[in-house]
Amino acid sequence: MSVAEAPAARAVVRGSSSGARLREILFPAALLLCIGFAMLTLVVLLVDVAVDGIPVLSGEFITGFPSQIFPERSGIQSALVGTLLLMAVCAVFIVPVGTATAIYLEEYADNNRWWNRLIEVNIQNLAAVPSIVYGILGLAFLVRGPLELGRVVLAGALTLGLLVLPVVIIVGREAIRAVPSSIREGSMALGATQWQTIWKQVLPGALPGIATGVILALSRAIGETAPLIVVGAASFARFNPNDLTSDPFSALPIQILAWVQDPQDEFRALAAGAILVLLFLLLLMNAGAIYLRNRFEQKW
Amino acid sequence: MKQVTERPESSSEARSAAGAGPGPAGTQAHNGRTTGPGTAPAATGAATTKPSVDTPPVFEIEKLTVRYGGKLAVHDVSFDITEKRITALIGASGCGKSTFIRSLNRMNDLIPSATVEGSVRYHGQNLYASEVDAVQVRKRIGMVFQKPNPFPKSIYDNIAFGPRVLGMDGNMDEMVERALRRGALWDEVKDRLKTNAFGMSGGQQQRLCIARALATDPDVLLMDEPASALDPISTGHIEDLMFELKERYSIVIVTHNMQQAARVSDMTAFFTVVVDEASGHRHGEVVEYDETEKVFTNPSDERTEAYVTGRVG
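Fair warning: this is a prediction, and the values are worked out from it, not measured in the lab. (Residues numbered from 1 in each chain as written. Chains lettered and ligands numbered in written order. Predicted model: local features only at pLDDT ≥ 70, side-chain atom pairs only at ≥ 80, totals over all residues. Heavy atoms only, no water.)

Trainee: Would you explain the overall build of chain A in this entry?
Mentor: Within chain A, the regular secondary structure consists of twelve helices and zero strands. Going from N to C terminus, chain A has its helices and strands arranged as α-α-α-α-α-α-α-α-α-α-α-α. Taking all 300 residues of chain A together, the buried fraction comes to 43%. Partitioning the contacts of chain A with sequence separation of at least 6, the portion at a separation of at least 24 is 74%. Accessible surface for chain A amounts to roughly 16,000 Å². Of this, 69% is attributable to carbon and sulfur atoms. (Helix = DSSP H or I, 4+ residues; strand = E, 2+ residues; numbered from the N terminus. Buried < 20%, exposed > 50% of the residue type's maximum accessible area, 1.4 Å probe, protein only. Contact = heavy atoms within 4.5 Å. Areas by Shrake-Rupley, 256 points an atom, 1.4 Å probe, with all protein chains shown as cover.)

Pasting the structure below:
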């Protein structure tokens, strides 16, 4: 082997230039920086809220009613109860309506018909409508207008339900579509009707996905403020709503907004405490969704 | 129900079989009954339609034509399927075998664009008569698919599903055991009936699907390439099972495996792809229907001979 040959042979395998190698390092570094920025913002936010909010967290804070005069005696009971009621009524509304719509669109609707395509496009668009528009809708048709429910839990819950219904429908459709058609064929070939096939094969298979969609929809609804302001949720409710259709109600985001706007630092600390409670509820629901998905998700 | 995507052949047929008019196809309208030149007189005409088999027909198929969205998929099929025999449907991909077998239990109804002409008489009753309910048809005519499709439930619940939705009376445990024994699966799974069927091997899953179809006491079993997704040992199990089952059931099987058709079947129908020269669209027709031995050793049509000897297809 001659001396002159060796460097040429080495050059073949040396490959990429130093510039290319630099790019190989810089690109993931830039990605990491972006993630870091997002995470840092979140951490700063959480730490800031926690520092302000943790001192006010106590049993009295949870059980007390809001006061406009005495921050130390103020609590979130009416707002918390209002939020829980809103979520419960909202779930009762969106589960059957959302699931039924998803079943219709996936199992029955013939896409060659223009009205089915129209429904589909509309649902996609509704998911992107600003929440305040739903608030105005709720005010016009539920609080006043034809239904005249008044400024009550039912009106707020239905408004939030309309707001998140597209999410439930879209996620529900995906869950139903994930059930393979071979399962439907197998069921029909045994002499099952379409109803039996949907009820006993498709829905059980899609249920974990549908439930996950409902929880994610509720965790969007729980933080919504604008539509509740429009339908007239109370900033300071000094008692819990006795029922869904007559008493005024409050909700955590509304309460937080009211306290944040207060010039006194003590009230702003209360807002931080209420934010922590809201975050806790949110994480609880998302954890539930993750659990459902991992525990019951069907691998086809 | 709109999403029936797993139709191995029919989707391509739907795309390719458009507009084949009566032109060249019309002249071959009775391919199922015609025989090539040089065939013995005994095998011509009606003798081919009703070969020398001693059992009565379970299906009498007359001028069956299936279209997908107006596009021809299977054209003018006429022959009788005999009771308690295994009838194999062979032919190249896209020749309409799957479409044809799915028209025997009205599974094509699940495809909104599918239209069926002609008649399929099942024990004398036209399945496509307006008063016949497709659900009732499928109760009597079981089906097994190409890919094993167990439900995501326990082995027990897979078998019990059919009897439950049909509201069958009787002891469910006994019905499940009987079906699993008929499916030659009982001894393998009797200790784990409550475990999920997805934990079984592919061959076991397919026998479960067969047992599931038998649980509703049909008298016909349609099998659409039941072994094409299985290894040779599992395929052997399925074939052994078919021999046992033909004592009680009429079996129609679609297969791409020539040896399998020759091994298991009593009767064989050969389908071929007909290309419309004007439009280039393809559809399927039956060229020959006869006893399996004759189809494989002394076919009357040269297209059959070319196919079974492996020269085409």
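There is more to say, and it comes next.
Trainee: Looking at this model, I keep getting lost on the overall build of chain B. Mind explaining?
Mentor: Along its length, chain B carries 13 helices and ten strands. Counting across all 313 residues of chain B, residues that qualify as buried make up 57%. Long-range pairs, those at least 24 residues apart, make up 72% of the contacts in chain B between residues at least 6 apart in sequence.

Trainee: For this particular structure, what's the right way to read the side chain of A:Ser78?
Mentor: Residues and elements named next belong to chain A. For Ser78, the location among the structural elements is in helix 4 (residues 77-108). The class for Ser78 is buried, based on a relative accessible area of 0%. A polar contact of 2.7 Å, which involves the side chain of Ser78, links it to the backbone oxygen of Ala237. When neighbours within four sequence positions are excluded, Ser78 is seen to be in contact with Phe65, Pro66, Ala237, Phe239, Asn240 and Ser250. (Polar contact = N/O pair within 3.5 Å; in protein donor to acceptor, adjacent residues only side chain to side chain.)

Trainee: What is the right way to look at the nonpolar core in this model?
Mentor: Ranked by size, the top nonpolar core spans 72 residues in total, and within it A:Leu86, A:Ile94, A:Leu228, A:Leu252 and A:Trp259 carry the most contacts. Listing elements by their share of this core, those giving two or more residues are helix 4, helix 6 (131-143), helix 7 (153-177), helix 9 (194-221), helix 10 (226-231), helix 11 (252-260) and helix 12 (265-296) of chain A together with helix 6 (155-165) of chain B. At twelve residues, helix 7 of chain A tops the list of elements feeding residues into this core. Residue contacts for A:Leu86: discarding those within four places in its chain leaves A:Val153, A:Gly156, A:Ala157, A:Leu160, A:Leu228, A:Phe249 and A:Ala251. Formed by 37 residues, the second largest nonpolar core is a distinct cluster that contains B:Val77, B:Tyr128, B:Ala129 and B:Val252. (Core = buried A, V, L, I, M, F, W, Y, C linked by side-chain atoms within 4.5 Å.)

Trainee: Explain the interface of chain B and chain A to me, please; I cannot follow it from the model alone.
Mentor: A common measure of how large an interface is: the accessible area buried when the components associate. At the interface, 28 residues of chain B touch 27 residues of chain A. Both faces considered, chain B and chain A share a buried interface measuring about 2,500 Å² in area, 58% of it formed by carbon and sulfur atoms. Our enumeration of links across chain B and chain A arrives at one salt bridge. Between B:Arg102 and A:Glu185 there is a salt bridge, with the nearest N and O atoms lying 2.8 Å from each other. Remark: the boundary between chain B and chain A carries four residue pairs in polar contact (both at pLDDT 80 or more). Breaking the side of chain B that touches chain A down by element, the ones donating at least two residues are helix 5 (134-140), strand 6 (141-144), helix 6 and helix 9 (202-214) of chain B. (Buried area = accessible area lost by both parts, 1.4 Å probe. Salt bridge = Lys/Arg side-chain N within 4 Å of Asp/Glu carboxyl O.)

Trainee: Sorry if this is basic, but what is going on with helix 9 of chain B here?
Mentor: Helical geometry: 3.6 residues make up each α-helical turn, so side chains three or four residues apart lie on a common side. All names here are of chain B. Here helix 9 contains 13 residues, and its C-alpha end-to-end distance of 18 Å stays within 8% of the 18 Å for a straight helix at 1.5 Å per residue. In terms of burial, helix 9 is a largely internal element, twelve of the 13 residues being buried. Taken as a whole, helix 9 has its buried residues at Gly203, Gln204, Gln205, Gln206, Arg207, Leu208, Cys209, Ile210, Ala211, Arg212, Ala213 and Leu214. (Expected span 1.5 Å × (residues − 1).)

Trainee: Explain the packing of helix 6 of chain B against helix 7 (residues 172-182) of chain B to me, please; I cannot follow it from the model alone.
Mentor: Packed helix pairs are characterised by how far apart their axes lie and by the angle those axes make with each other. Residue and element names in this part refer to chain B. Two numbers describe how helix 6 lies on helix 7: the axes approach to 9 Å, and their chain directions differ by 110°. Classed by the angle they form, the pair helix 6 and helix 7 counts as roughly perpendicular. Here Ile155, Tyr156, Ile159, Ala160, Pro163 and Arg164 of helix 6 lie close against helix 7, whose contacting residues are Met172, Asp173, Met175, Val176, Ala179 and Leu180. Class assignment for the residues of the contact of helix 6 with helix 7 results in ten nonpolar, no polar and two charged. (Axes fitted to C-alpha atoms, helices over the stretch in contact; angles between N-to-C directions. Parallel < 35°, antiparallel > 145°, perpendicular 65-115°, else oblique. Nonpolar A, V, L, I, M, F, W, Y, C, P; charged D, E, K, R; others polar.)

Trainee: Any chance you could explain a nonpolar patch on the surface here in plain terms?
Mentor: Residue and element names in this part refer to chain A. A cluster of nonpolar side chains, contributed by Tyr104, Tyr108, Trp114, Trp115, Leu118, Ile119, Trp195 and Trp199, occupies part of the molecular surface with about 920 Å² of accessible area. Where the nonpolar patch is concerned, the elements lending two or more residues are helix 4, helix 5 (114-126) and helix 9. In terms of residues, the nonpolar patch owes the most to one element, helix 5, which gives four residues. Considering the arrangement of structural elements, one finds Tyr104 in helix 4. (Patch = residues over 30% accessible without salt bridge, like charges linked within 9 Å, V, L, I, M, F, W, Y side chains within 5 Å.)

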